[in-house]
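Single-letter residue listing:
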Amino acid sequence: MGVALTRSAQWTAAGHGAKTLEVTPLNEAIVKEIIMFVESFIYKYPQEANYVFVEPLEWKTNLDPSAFGSGYAVSGTTVKSEEADKNGEPLLYLSVPQIKIRSFGQLSRMLYIAKNMKLKEAQACIEANRNPVAKILGLDYNIISEKIGNSFVSNILDKITKDDDSESEIKMKIALQLKQLDLHLLNHSLKHISLEIRLNPGTVKNDIELLKQFSGKGKQTVLESIEYTSDYEFSNGCRAPPWRQIKGEICYVLVKPHDAETLCVTCSKEGVFLNGGKTDDEGQINYERKGEIYKDLVTLLKEKSAIFSENMSKQEIKFSEQPQKDQPNEAPKEEVAITHKASVTSRKSTQEKNRINLGRSQLTKRLEPSLNWRTSVSSKDRNTLRDTQVEKHGGKLEKSRSSVSPGRAQLIRKSVEKIEEIISDSSSESEEDEEQPDHRQEANADLPSEYWQIQKLVKYLKGGNQTATVIALCSMKDFNLAQETCQLAIRDVGGLEVLINLLETDEVKCKIGSLKILKEISHNPQIRRNIVDLGGLPVMVNILDSPHKSLKCLAAETIANVAKFRRARRVVRRHGGITKLVALLDCGKHSGEPAQSSLYETRDVEVARCGALALWSCSKSYANKEAIRKAGGIPLLARLLKTSHENMLIPVVGTLQECASEENYRAAIKAERIIENLVKNLNSENEQLQEHCAMAIYQCAEDEETRDLVRLHGGLKPLASLLNNTDNKERLAAVTGAIWKCSISKENVTKFREYKAIETLVGLLTDQPEEVLVNVVGALGECCQEHENRVIIRRCGGIQPLVNLLVGINQALLVNVTKAVGACAVEPESMMIIDRLDGVRLLWSLLKNPHPDVKASAAWALCPCIQNAKDAGEMVRSFVGGLELVVNLLKSDNKEVLASVCAVITNIAKDQENLAVITDHGVVPLLSKLANTNNDKLRRHLAETISRCCMWGRNRVAFGEHKAVAPLVRYLKSNDTNVHRATAQALYQLSEDADNCVTMHENGAVKLLLDMVGSPDEELQEAAAGCISNIRRLALAIEKARYS
Amino acid sequence: MDQKVLKRLVESISKSVNSFKKSEIECLIRIFHNVVGRGDVKLANVGLDRNTFRVILHSIFGMTDDVLMNRVFFAFDKDNDNYINVKEWVKGLSVFLRGTFEEKLKFCFEVYYFNGDGYISRERIYDMLKNSLHQQSPGEETDEGIRELVDIALKKMDYDNDGRISFADFEKAVKEDRLLLEVFGPCLPDAKSCLDFEALAFQHILTSSF
């Protein structure tokens, strides 16, 4: 009994003093079992029933003395039983409200008298006597009974036979009986636990979603409305605030049935019940349980609303989803039972631990033992459940997505979330901290002493006036707030709410103190989320309007820390935070007054700095970038950029760099003449500042004018010299990025060559992280467009490392590497090296890369390779399956890939033998199919390929048959001379076939070609003239045939 | 009041108080005489008594704590004659309105230490914090809570661990964290009431200078 009570019964965490049993089905069952045992005791074991307890069981009763009848002496407020022990003491003594009972017989009778109050009395008795066994049998028997539990029955029997004292024999028997009861209770409670409904976020969510679908106005619906009290869903699927989640609560819903008031319902792991409802102010929920626990929402609502239950049964048929949902529901439920049995052992061990904890430290008394293991077990269950689910159901579950399997549902939900995140993510959210599961401090673990000290301080924050609050805040600041233990301790004892509440008071000192703490602990990603969940951001945003500068600073700094994730940034924006933060930047307007002390000025600068810091965090979301721009942030940032305070420049440049991903910003940056200052700050001593400046230049230098500005302001030299410092990889990545983008301009490349940057870049091709490599190779690719630089690269031994990089998997890197290798291959000497290193084969295999950009870039790179390789035809043929691969790429739907592959085929087709092979692979119909296109680049290369492919067999005729001629004629109407030239050449080749000439003539080619003949481009002239002459000749021949 | 006497008074005060302009000092003296005159005519040449001063503290500077208002009075009353004379008035206000950090630091310490031995004792802190917890349950628990709060405050500020706070302790703690300046209760006016008072007191100068 003792064991069952301590282990299984669910005690409330009532804090100080006596604990009470929670009103849960499990406890009720246990108490009922005990009642049954006691009631039947007097009949089953009459002898033992007379045994007098070592100590009386004593508790406060609700029984009225008048209820006691014969066998009792009733006088006013006291009752004595006539039954007494050897010393004449009554076995039952009641003196309202205290009752003392000293035998099982009296206990049974008492229960009989209590009638329908049985349950209450028994519960009161158990609550008041936490160790009944010890009281009944004495402490030593308590120990013996433990031994019985360990099945040392023989031992006991020995003891009994030796000890023929009749009382101890009775004691022994009772001990055995109690032990049995204990075991029985344990088994019973286990059974109960396994039957107990355990709701999980998944089921609850499904139920609510389903009910939502059938809610609304009108008589047919089951409810008027149903909604969550909180929009935010934690990653574990719960919506309850974290400190309530410990109690097993999942979410709160407001339900408005047709025929009742709005119900505020708590969904917890144990079931669903009404809570105290929303308190009017602040929308806080009174979490106290106010009604019975139901197994799910539908059952509760059926009980509370007649219309609901009526409409529900009507709609049962319409609930097409319901049966579907229920079926998979069956399976997991069974499995719950299985896993529960399986985890019994592990659960026991946790129970054991709890008990030990409880004994060891009085402090842990506050933690509710049963809840502890409940939370740990349920997470365990979830895991095992998921495993078995995945194993057993496999693909089947994929289809029934409404399945209730919690793990599964969570997985799906997570992946959906991920996708959404990716979609809505703006380009530069690299620092984004993932929505990570909220891991709380293991309740079982030993809590550090800080925890209790912080708890005490929070108590003062709650119950103290301004003076006490300030003392507590200052003292709290003395803890190591950078340490996670302290950060989480503040949250777990409910300190965050208080700190945020303080921000809403009028007390400046309290606000300052609170913000100072929030600023520190908001470095922790979990705390950030909690602050947002508790609605801390809008309050801080409001503080930004305060006339107190230090208050503004602290609020902005805290926002800077909190707004590290997207949801927080959105909240800041929605509450007008961006405008206010931008306003903070507007400092020093009045600094012209000489009378102002320098102290004031530095304060102003500090405000602006904090504003910039917060904007930097916020600027990682696209919408915020827009908001900053609209609020007029760019000119202010530009002005701040002129200062020389390093700690001001970093957030300013950081913000600009973040925002420069937007076209609007790049234009504004150019217009505000920001580049000049960025370049100036490249020369700063601060590495972080250099990094952000380089990064900003990297973003902006896509624009040609900007590239020129960088050069004109002398930015290329510092960039080149920064290349020599390779220790700081972030900075190196930014610098090489800036160099890459700048070197798109030829003049810049010349400068870089002057500064010997190309040699340095080649040196960076090895042993660098990918972010750096991408930029370095990109820069080299741009430099390679010039002969001189290609020579430098070859001479510095740059080709080998470049070719080595062709085996990578980073897509951005591959695009750049292929481009660079292709550029090098233009040089026959370099081509020899590439060929020797088997670079062409590597490029060719990149045609199989899944990413179209890589494919296209590899194909472009192959063109110069085939052009410049010795014995190119033989080389190409040596790639087994290579030609087929290339021809099949013509089926791609990416224009760039198609154009590049056409270019490759043009080069391949220069070799007659290869042309024959690709013809066999069906290149003609594939090319003809592509003919209908408006893309000039593709048109040009396609036309070139067609003209090349005409050189073999009856390909000319075949192009005609596949209707490639008519579209080609239309190419002549394009505005691109390159297209004209290629097309004229293709038409010239095709016009060797009479049928094609007819088609061309029909499509009005002659007039168009006649115009081309007047072109200054000789090749075009010649091709056009040749084509016309072919057509003309055919016409003459026909005429001649007609007349002769 | 005699213009000549006033001028001389302003001259002499302005030698020791330099945060106010002479015209401002003149205004403050006028106010002093107004208040004193209205209070008790007979004691006009002696100064402000404690009650009158407390009314000023309460109505103009928004202070509420009786104990601390008394202490502020004593901090103003340098010569301990239980009256604030005109010099003490101007000097005190200069700390109130324009005081530097060091002046305010000294002022607060003077308000908080009681028996003149230069230390803030544990008992003294207890007295000052007595009412700082909202009465949740009467009796011992609050008492215990305040004792603990005193411990926390001492732990924070008593650097030399002698169980009391010396000026050096106080200075060090406050310099580390400005919030601790009025650690045992508000004894300085907040910024807003300062501005209001200045606007009111010096309105004559402001308008006349234009």
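- As annotated in an unreviewed UniProt entry, chain B is EF-hand domain-containing protein from Bos taurus.

- Named according to UniProt, chain A is Outer dynein arm-docking complex subunit 2 originating from Bos taurus.
- In UniProt, chain A has this text filed under Function: "Component of the outer dynein arm-docking complex (ODA-DC) that mediates outer dynein arms (ODA) binding onto the doublet microtubule. Involved in mediating assembly of both ODAs and their axonemal docking complex onto ciliary microtubules."
- According to the UniProt record, the Subunit comment for chain A is "Component of the outer dynein arm-docking complex along with ODAD1, ODAD3, ODAD4 and CLXN. Interacts with CFAP61 (By similarity)."

### A look at the overall build of chain B
So, point 1. The helix and strand inventory of chain B stands at 11 helices and 2 strands.
So, point 2. Listed by position from the N terminus, the elements making up chain B come as α-α-α-α-α-α-β-α-α-β-α-α-α.
So, point 3. Burial statistics for chain B: of 210 residues in total, 46% are counted as buried.
So, point 4. Put simply, of all contacts in chain B between residues at least 6 apart along the chain, 59% involve residues at least 24 apart.
So, point 5. Accessible surface computed for chain B: about 11500 Å², of which carbon and sulfur atoms make up 51%.

### Notes on the pairing of strand β7 (residues 249-256) of chain A
Residue and element names in this part refer to chain A.
So, point 1. Across the 8 residues that make up β7, a large majority, 7, are buried.
So, point 2. As paired strands, strand β6 (residues 225-228) and β7 are joined by 4 bridges and run antiparallel to one another. Bridged to Y228 within β7 is V253.
So, point 3. Note that β7 and strand β8 (residues 263-268) share 6 bridges and pair antiparallel. Bridge pairing in β8 places E249 opposite S268.

### Observations regarding helix α35 (residues 687-700) of chain A
Residues and elements named next belong to chain A.
So, point 1. Given a rise of 1.5 Å per residue, 14 residues ought to cover 20 Å, and the 20 Å separating the end C-alpha atoms of α35 matches this to within 8%.
So, point 2. Here α35 lies mainly inside the structure; 10 of its 14 residues are buried.
So, point 3. Measuring from the backbone nitrogen of Q688 back to the side-chain oxygen at the start of α35 gives 2.7 Å, which picks out N686 as the cap.

### Observations regarding the nonpolar core
So, point 1. Counting 292 residues, the largest nonpolar core has W89, F96, Y112 and F184 of chain B as the members making the most contacts within it.
So, point 2. Once residues lying within four places of it in the same chain are set aside, the contact partners of F184 of chain B are T467 and I471 of chain A together with L68, Y112, I120, I125, M128, L129, A153, M157 and I165 of chain B.

### Points about the confidence of the model for chain B
Residues and elements named next belong to chain B.
So, point 1. Here chain B averages 81 in pLDDT, while 87% of its residues score no lower than 70.
So, point 2. Taken element by element, the predicted model of chain B shows its lowest mean pLDDT in helix α11 (residues 203-209) (60) and its highest in helix α9 (residues 167-176) (89).
So, point 3. When the criterion is pLDDT under 50, residues 39-44 qualifies, and its contacts beyond four places in sequence or with other chains add up to 3 contacts.
So, point 4. For this predicted complex, the interface confidence score (ipTM) comes to 0.89, while the overall pTM stands at 0.59.

### Here's the deal with the interface of chain B and chain A
So, point 1. At the junction of the two partners, chain B supplies 21 residues and chain A supplies 18 residues.
So, point 2. Per-residue buried area on chain B facing chain A is highest for I152, K156 and L179 of chain B; these three make up 34% of the total on that side.
So, point 3. Scanning the region where chain B abuts chain A turns up 5 salt bridges.
So, point 4. Of the charged contacts, one joins E182 of chain B and K509 of chain A as a salt bridge, the two residues approaching to 3.3 Å between their closest N and O atoms.
So, point 5. At the boundary of chain B with chain A, the tally comes to 8 residue pairs in polar contact (both at pLDDT 80 or more).
So, point 6. A per-element tally of the side of chain B that touches chain A places helix α8 (residues 140-157) of chain B first, with 7 residues.
So, point 7. The residue makeup of the side of chain B that touches chain A, split by class, is 11 nonpolar, 6 polar and 4 charged.

### Notes on the UniProt feature "domain: EF-hand" (unreviewed entry) in chain B
So, point 1. Here the UniProt-annotated "domain: EF-hand" (unreviewed entry) positions come out as residues 64-99, 100-135 and 145-180 of chain B.
So, point 2. As annotated, residues 145-180 of chain B comprises 64% helix and 8% strand, and the C-alpha atoms at either end are separated by 20 Å.

### Points about the sheet that holds β6 of chain A
Residues and elements named next belong to chain A.
So, point 1. Reading across from one edge, β6-β7-β8-β9-β10 is the order of the 5 strands in this open sheet, with antiparallel pairing throughout. Edge positions in the sheet fall to β6 and β10 (285-289), since each has one partner strand and no second. Taken pair by pair, the neighbouring strands of this sheet meet at an average axis angle of 35°, ignoring direction.

### Here's the deal with the packing of helix α50 (residues 895-908) of chain A against helix α53 (residues 936-949) of chain A
Each pair of packed helices can be summarised by the angle the axes make with each other and by the distance between the axes.
Residue and element names in this part refer to chain A.
So, point 1. Remark: α50 packs on α53, axes separated minimally by 8 Å, with the N-to-C direction vectors making an angle of 25°. Judged on the interaxial angle alone, α53 and α50 are roughly parallel. As α50 runs across α53, the sense of the crossing is left-handed. Of the residues in α53, those touching α50 at K895, E896, L898, A899, C902, A903, I905 and T906 are K937, L938, H941, L942, E944, T945, R948 and C949.

Rules used throughout
- Residues numbered from 1 in each chain as written.
- Chains lettered and ligands numbered in written order.
- Predicted model: local features only at pLDDT ≥ 70, side-chain atom pairs only at ≥ 80, totals over all residues.
- Heavy atoms only, no water.
- UniProt positions renumbered as here; feature names shortened; annotations may be inferred.
- Helix = DSSP H or I, 4+ residues; strand = E, 2+ residues; numbered from the N terminus.
- Buried < 20%, exposed > 50% of the residue type's maximum accessible area, 1.4 Å probe, protein only.
- Contact = heavy atoms within 4.5 Å.
- Areas by Shrake-Rupley, 256 points an atom, 1.4 Å probe, with all protein chains shown as cover.
- Pairing = 2+ DSSP bridges.
- Expected span 1.5 Å × (residues − 1).
- Polar contact = N/O pair within 3.5 Å; in protein donor to acceptor, adjacent residues only side chain to side chain.
- Core = buried A, V, L, I, M, F, W, Y, C linked by side-chain atoms within 4.5 Å.
- pLDDT = per-residue confidence, 0-100.
- Buried area = accessible area lost by both parts, 1.4 Å probe.
- Salt bridge = Lys/Arg side-chain N within 4 Å of Asp/Glu carboxyl O.
- Nonpolar A, V, L, I, M, F, W, Y, C, P; charged D, E, K, R; others polar.
- Axes fitted to C-alpha atoms, helices over the stretch in contact; angles between N-to-C directions.
- Parallel < 35°, antiparallel > 145°, perpendicular 65-115°, else oblique.
- Left-handed = near helix turned anticlockwise from the far one by under 90°.

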